[in-house]
Amino acid sequence: MAHTPYDQQWDKAKKEFEALTGKHKPKESKGIFNAFGSHTGLSGSLKKCEKALTACDTANSTDIKEGKKVVAAFLAASKDFSKAKKGYLEVLQKEIYAEFDKRTEKDFKTNYEKALKFLVKELAALEATIESAVAMYTQKFNEAEKDLSVEQKMLKNWEKNINGALARAAAGVAKVKAKPTAETYNELFPTLARDITMQLVFARKIEGLLADPDFFKKKLDPWANQSNANEPVKVPADATPKVILDHMKEFSAACKGVVQLVNSRTNA
């Protein structure tokens, strides 16, 4: 799947938020930097991350000195993003709490509250993806890691990659819950599920797992079906919100099983 620049991913999330709610995204309170400015805050830090990613991707793989330099820049940019993300999460959490406090019914969530939580998930997915990329390039250029066995390298990459896939899945679930339509659902599947099942295939060679990866792969296979023809991997245009949300509930449960698989790994 082609890479979409980090800042463009966030711009898309903001537009989807406004489309879902009919409102502008929450802004930082007075006295705090503008999280959505062209050159500061989240958008600015994401552009720096994208620039650093490009530098890492085009660096000479045999030039360790150059590699360490571009990786250090990428790490610094990722930390700037994490700092900006943390600041903006405080704003989102205040907005979410305010919506929760206004509820007249315990289980009723407004589209605005759902969309706020969608932004939270999108930020988490971006952070996981960026951290995974930083780790990948750190390994590529780190001379000390040359002594690691092939299996150890694979294990390290696997954990980063599967956690990134799970974070993207969580963001996708939040998006569908905020707008449970066939169009939203079919836009995300089967890609979200296949990203995870691909890592579960690799997991067959990972030592220290306390369960069979194929068990969880089978649970996710309905959403990763290669034919794209049957539910729940694809739903018809007239699928009701209830049907879609039921699929999301089952998909989320399957993903939670994978999270437990990753977290319960022993140090083999």
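Residues numbered from 1 in each chain as written. Predicted model: local features only at pLDDT ≥ 70, side-chain atom pairs only at ≥ 80, totals over all residues. Heavy atoms only, no water.

Within the protein, the secondary structure is distributed over nine helices and zero strands. Tracing the protein from N to C terminus, the helices and strands come up as α-α-α-α-α-α-α-α-α. Counting over 268 residues, the protein shows a buried share of 45%. Here the analysis covers contacts within the protein between residues at least 6 apart in sequence; of these, 74% occur between residues at least 24 apart. (Helix = DSSP H or I, 4+ residues; strand = E, 2+ residues; numbered from the N terminus. Buried < 20%, exposed > 50% of the residue type's maximum accessible area, 1.4 Å probe, protein only. Contact = heavy atoms within 4.5 Å.)

This part covers the pattern of salt bridges. For the coordinates displayed, the defined rule picks out 11 salt bridges. Notably, a salt bridge pairs D11 with K14, separated by 3.3 Å at the nearest N-O pair. Taken together, the residues span about one helical turn, with D11 and K14 both in helix α1 (residues 6-21) at a distance of three residues. A salt bridge links K85 to E127, with the shortest nitrogen-to-oxygen separation between them at 3.1 Å. With K85 in helix α3 (residues 64-102) and E127 in helix α4 (residues 111-141), this residue pair connects regions lying 42 residues apart in the sequence. (Salt bridge = Lys/Arg side-chain N within 4 Å of Asp/Glu carboxyl O.)

With that settled, consider α1. Taking 1.5 Å per residue as the helical rise, α1 with its 16 residues ought to reach 22 Å, and the 23 Å between its terminal C-alpha atoms agrees with that figure. Following α1 by one or two positions, G22 has its phi on the positive side, about 75°. (Expected span 1.5 Å × (residues − 1).)

Two elements in contact, helix α7 (residues 191-202) and helix α9 (residues 241-263), have axes whose closest approach is 12 Å; the angle formed by their N-to-C orientations is 30°. Viewed along their axes, α7 and α9 adopt a mutual orientation that is roughly parallel. Seen along the crossing, α7 lies across α9 with a hand that is left-handed. Each of A193, I196 and L200 in α7 lies in contact with α9, whose residues at this interface are F251, C255, V258 and L261. A class-by-class count of the residues in the contact of α7 with α9 yields seven nonpolar, no polar and no charged. (Axes fitted to C-alpha atoms, helices over the stretch in contact; angles between N-to-C directions. Parallel < 35°, antiparallel > 145°, perpendicular 65-115°, else oblique. Left-handed = near helix turned anticlockwise from the far one by under 90°. Nonpolar A, V, L, I, M, F, W, Y, C, P; charged D, E, K, R; others polar.)

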